[in-house]
Amino acid sequence: CGVFGVVGVDNAASVVALGLHALQHRGQEAGGIVTHEFGQGFSSARRFGYVRDNFTDAETMATLPGPIGIGHVRYSTAGSKGATQIRDVQPFFGEFSMGGAAIAHNGNITNALALRKELVDRGSIFQSSSDSECIIHLMARSMGRKIPDRMEEALRKVEGAFSVVAMTRTKLIGCRDPLGVRPLVLGQLGDGWVLASETCALDIINATFIREIEPGEMVVATGKGVESHFPFRPAKSRFCIFEHVYFSRPDSILGGRSVYETRENIGRELAKEAPVDADMVCPVPDSGTPAAIGFSLESGIPYAMGIIRNQYMGRTFIEPTESIRNMGVRLKLNVNRALVKGKRIILVDDSVVRGTTSRKIKEMILEAGAAEVHFRIASPPTKWPCFYGVDTPQRDKLLAANMTEEEMRDHLGVNSLKFISIDGLYRAVGEARGRDQASPQYCDACFSGEYPVKPSDMLDQGFEM
Ligand code: 5GP
Ligand code: SF4
Ligand code: MG
């Protein structure tokens, strides 16, 4: 998901809408905006679909007045899937004795089911099926005198990954979990302050990037400035390495690093680790593009657009049901026949998850007359589900959890298949010595099976680590 908030500007809602539009790649199912204006109270609009279709008309925007607002773009990883229900669309809102607050959450709460049960047993009335709603109920039960105190207390009971943007009538609040699994950045816009999942959302509104919110940090921004504190027990940061590989936009800066450059580095590493004689390097667009460019630069094999993407489709993997995903490949990607005919092609993609997309692409490219197809993958084999906010499927659906690399190569029907090594990936994100086995620098659980936060709910449901 993507989260965004702003305080201290004219017409916050239009700024939030632009920010969310820049974060649309993080969630395409639905979006919502909450604002506050003195005299008119809180306003909210939550809709299915794209930001550009829901939050651009003057009529809707006029219902969201005020100088402070937050927003969320949703991609379901917990709660209702597929047919998302409008009640699961964020921001969520709560009315407390000292006033109202709205929250938008990116990540996944790993003890949400246990918390929900406890809260429901004690009388909380949940409105949604979302894990994120726990935060509101925990805030309602807190005895804290101010809303940020309540949020702090609530978040201390929550386990898992969270980058939260929240607002009261006058305060914009941002918080990252102690491991900082999901991103969150702070920007400045005139006299106002901005919080966003990624820096690309600051660029679109021409805000100045100030810094990242630190893992475990909570910031409270008002017209007067930004206060910061660290409410959790300190921990070593474990940022999601898959944000660098796939999830974030290539024009964002994460941990001081350009996502684009990292992806190009991954391609270079791949070319070193798994060279192959071929005629051209083609990306599976768009997620494989920077890595394909890196592979081409390192290998000297020309880069070409052997597959053309229809720009009017969304991201395949963010479409939540299997049937839509299956349809999606042909709707979204087409082989550039004239280019690939008779050629030995290196296809570079970010990941192989279920293998359905990869298989279809290979079929299409062979149908178009390619002589050979060599797959090079910009992440290690995805063997484990993510419980921290990326929708990887259960292990039985993960190709790499059920097959060796040779079996996967045969299943996909390609001439060769190679994944970047875990150390190669760490080198590409700037860790010259690779992965620190004793104390990994990133979360890489979907590749390594080492979960930095115990996935309690899943363990309760019989998941075996
Ligand atoms: P697959 O071949 O595994 O079906 O799909 C791989 C391609 O689709 C990659 O380009 C990746 O961007 C995307 N993809 C499809 N499904 C998923 C998923 O569940 N999780 C992730 N991370 N990527 C996926
Ligand atoms: Fe990121 Fe994978 Fe960790 Fe999920 S399991 S947070 S996708 S690195
Ligand atoms: Mg892709």
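For the structure, see preceding data.
Residues numbered from 1 in each chain as written. Chains lettered and ligands numbered in written order. Predicted model: local features only at pLDDT ≥ 70, side-chain atom pairs only at ≥ 80, totals over all residues. Heavy atoms only, no water.

*Asks:* Just checking my understanding: could you explain the packing of helix H4 (residues 112-121) against helix H5 (residues 133-141) for this structure?
*Replies:* The axes of two packed helices give the description: the angle between them and the distance between them. Relative to each other, H4 and H5 sit at 45 degrees, their axes nearing to 10 Å. Classified by the angle between their axes, H4 and H5 sit oblique to one another. The crossing of H4 and H5 is left-handed. Note on element contacts: H5 touches H4 through Cys-134, His-137, Leu-138 and Arg-141, opposite Ala-112, Leu-115, Arg-116 and Leu-119. Looking at the contact of H4 with H5, its residues break down into five nonpolar, one polar and two charged. (Axes fitted to C-alpha atoms, helices over the stretch in contact; angles between N-to-C directions. Helix = DSSP H or I, 4+ residues; strand = E, 2+ residues; numbered from the N terminus. Parallel < 35°, antiparallel > 145°, perpendicular 65-115°, else oblique. Left-handed = near helix turned anticlockwise from the far one by under 90°. Contact = heavy atoms within 4.5 Å. Nonpolar A, V, L, I, M, F, W, Y, C, P; charged D, E, K, R; others polar.)

*Asks:* Would you explain the site of ligand 2 in this entry?
*Replies:* Around ligand 2, the structure places Val-181, Arg-182, Cys-240, Ile-241, Phe-242, Cys-386, Tyr-388, Val-390, Cys-443, Asp-444, Ala-445 and Cys-446. In a pocket analysis with a 2 Å cut-off to the grid points, ligand 2 is assigned to the largest cavity. Those elements that place two or more of their residues in the shell around ligand 2 are helix H8 (241-247) and helix H17 (445-448). Taken together, the residues of the shell around ligand 2 sort by class into ten nonpolar, no polar and two charged. (Near = heavy atom within 4 Å. 1 Å grid on protein atoms, 1.4 Å probe; cavity = no way out; pocket = protein on both sides within 12 Å on 5 of 7 lines; lining within 4 Å. Sits in = over half its atoms within 2 Å of the grid points.)

*Asks:* Could you clarify how one ought to interpret the environment of Leu-425 in this entry?
*Replies:* Among the structural elements, Leu-425 can be located in helix H16 (residues 422-428). Between the C-alpha atom of Leu-425 and that of Ser-379, which follows or precedes it by 46 residues, the distance is 6.9 Å. Residues within four places of Leu-425 in sequence aside, it is in contact with Ile-241, Val-245, Ile-266, Ala-378, Pro-380, Ile-420 and Phe-447.

*Asks:* Explain the nonpolar core to me, please; I cannot follow it from the model alone.
*Replies:* Side chains that are nonpolar tend, in soluble globular proteins, to be buried together. In this structure, Ile-346 and Tyr-388 are the most contacted members of the largest nonpolar core, which totals 44 residues. Counting residues per element, the ones that place at least two in this core are strand E14 (239-240), H8, helix H9 (259-273), helix H10 (289-299), strand E20 (344-349), H16, strand E23 (442-443) and H17. Here this core gets five residues from one element, more than from any other, and that element is H8. Both of domain 1 (2-237) and domain 2 (261-431) provide at least three residues apiece to this core. Apart from the residues lying within four places of it in its own chain, the contact partners of Tyr-388 are Gly-107, Asn-108, Thr-110, Ala-161, Val-181, Arg-182, Cys-443, Tyr-451, Pro-452 and Val-453. (Core = buried A, V, L, I, M, F, W, Y, C linked by side-chain atoms within 4.5 Å. Buried < 20%, exposed > 50% of the residue type's maximum accessible area, 1.4 Å probe, protein only. Domains from an automatic or database assignment.)

*Asks:* Explain the sheet that holds strand E12 (residues 218-222) to me, please; I cannot follow it from the model alone.
*Replies:* Strand pairing in a sheet relies on backbone hydrogen bonds, with the paired strands running either antiparallel or parallel. Overall, antiparallel pairing links the six strands, which are arranged E5-E6-E7-E8-E12-E13 in an open sheet. Across the chains shown, the open sheet's two edge strands, defined by having one partner strand only, are strand E5 (92-96) and strand E13 (225-229). Recorded for the sheet is a direction-independent mean angle of 20 degrees between the axes of neighbouring strands. Sheet topology note: the strand E8 (residues 172-176)/E12 ladder contains four bridges and is antiparallel. Bridge assignment links Ile-173 to a residue of E12, and that residue is Val-220. (Pairing = 2+ DSSP bridges.)

*Asks:* I keep staring at a nonpolar patch on the surface and nothing clicks. Help me out?
*Replies:* A contiguous nonpolar surface patch, about 260 Å² in accessible area, is contributed by Tyr-303, Met-305 and Ile-308. Along the polypeptide, Ile-308 turns up in strand E18 (residues 307-309). Since its relative accessible area comes to 37%, Ile-308 is described here as partly exposed. (Patch = residues over 30% accessible without salt bridge, like charges linked within 9 Å, V, L, I, M, F, W, Y side chains within 5 Å. Areas by Shrake-Rupley, 256 points an atom, 1.4 Å probe, with all protein chains shown as cover. Salt bridge = Lys/Arg side-chain N within 4 Å of Asp/Glu carboxyl O.)

*Asks:* Could you clarify how one ought to interpret the sheet that holds strand E21 (residues 372-377) in this entry?
*Replies:* As summarised here, the arrangement of the four strands in space is E17-E20-E21-E22, forming an open sheet in which the pairing is parallel. Edge positions in the open sheet fall to strand E17 (280-283) and strand E22 (416-419), since each of these has one partner strand only. With direction set aside, neighbouring strand axes in the sheet form an average angle of 20 degrees. Relative to E20, E17 is paired through four bridges, and the arrangement is parallel.

*Asks:* It is not clear to me how the site of ligand 1 should be interpreted in this structure. Could you clarify?
*Replies:* Around ligand 1, 16 residues are found, and the nearest of them are Asp-349, Asp-350, Val-353, Gly-355 and Ser-358. Between ligand 1 and Asp-349, the relevant distance is 2.8 Å, taken from an oxygen atom to a side-chain nitrogen or oxygen of the residue. In this structure, an oxygen atom belonging to ligand 1 sits 2.8 Å away from a main-chain N or O atom of Arg-354. Computed on the free molecule, ligand 1 has an accessible area of 490 Å², of which 97% lies beneath the protein chains in the complex. Elements that contribute at least two residues to the shell around ligand 1 include exactly H8 and helix H13 (356-367). (Polar contact = N/O pair within 3.5 Å; in protein donor to acceptor, adjacent residues only side chain to side chain.)

*Asks:* What should I look at first to understand the side chain of Thr-392 in this one?
*Replies:* Structurally, Thr-392 can be placed in the loop between E21 and helix H14 (399-402). From its side chain, Thr-392 meets the backbone nitrogen of Cys-386 in a polar contact 2.5 Å long. Residue contacts for Thr-392: discarding those within four places in its chain leaves Val-353, Thr-382, Trp-384, Pro-385 and Cys-386.

*Asks:* Would you mind showing me how to read unusual backbone geometry here?
*Replies:* Excluding glycine, residues mostly carry a negative phi; peptide bonds, for their part, are mostly trans. For the bond running from Gln-90 to Pro-91, omega is 0 degrees, close enough to zero to count as cis. Examined against the element boundaries, Pro-91 turns out to sit in the loop between strand E4 (68-74) and E5. For the bond running from Pro-285 to Asp-286, omega is -10 degrees, close enough to zero to count as cis. Note on placement: Asp-286 falls in the loop between E17 and H10. Positive phi outside glycine occurs at Asn-11, with the angle close to 55 degrees. As for its placement among the helices and strands, Asn-11 is situated in the loop between strand E1 (2-7) and helix H1 (12-22).

*Asks:* Where do I start with the packing of aromatic side chains in this structure?
*Replies:* Aromatic ring pairs are defined here through the distance separating the ring centres and the angle between the ring planes. Tallied over the entire structure, the rule returns 13 aromatic pairs. Here Trp-384 and Tyr-451 contribute two aromatic rings whose centre-to-centre distance is 6.4 Å and whose plane-to-plane angle is 85 degrees, an arrangement assigned as edge-to-face. Residue Trp-384 is found in the loop between E21 and H14, and its partner Tyr-451 is found in the loop between H17 and helix H18 (456-460); the two are separated by 67 residues along the sequence. In terms of burial, Trp-384 and Tyr-451 fall into one category: buried. With 5.3 Å between their ring centres and 25 degrees between their planes, Phe-387 and Tyr-451 make a pair best called stacked. Taken together, the residues span a long stretch of sequence, with Phe-387 in the loop between E21 and H14 and Tyr-451 in the loop between H17 and H18 at a distance of 64 residues. (Phe/Tyr/Trp six-rings, centres within 6.5 Å; stacked < 30°, edge-to-face > 60°.)

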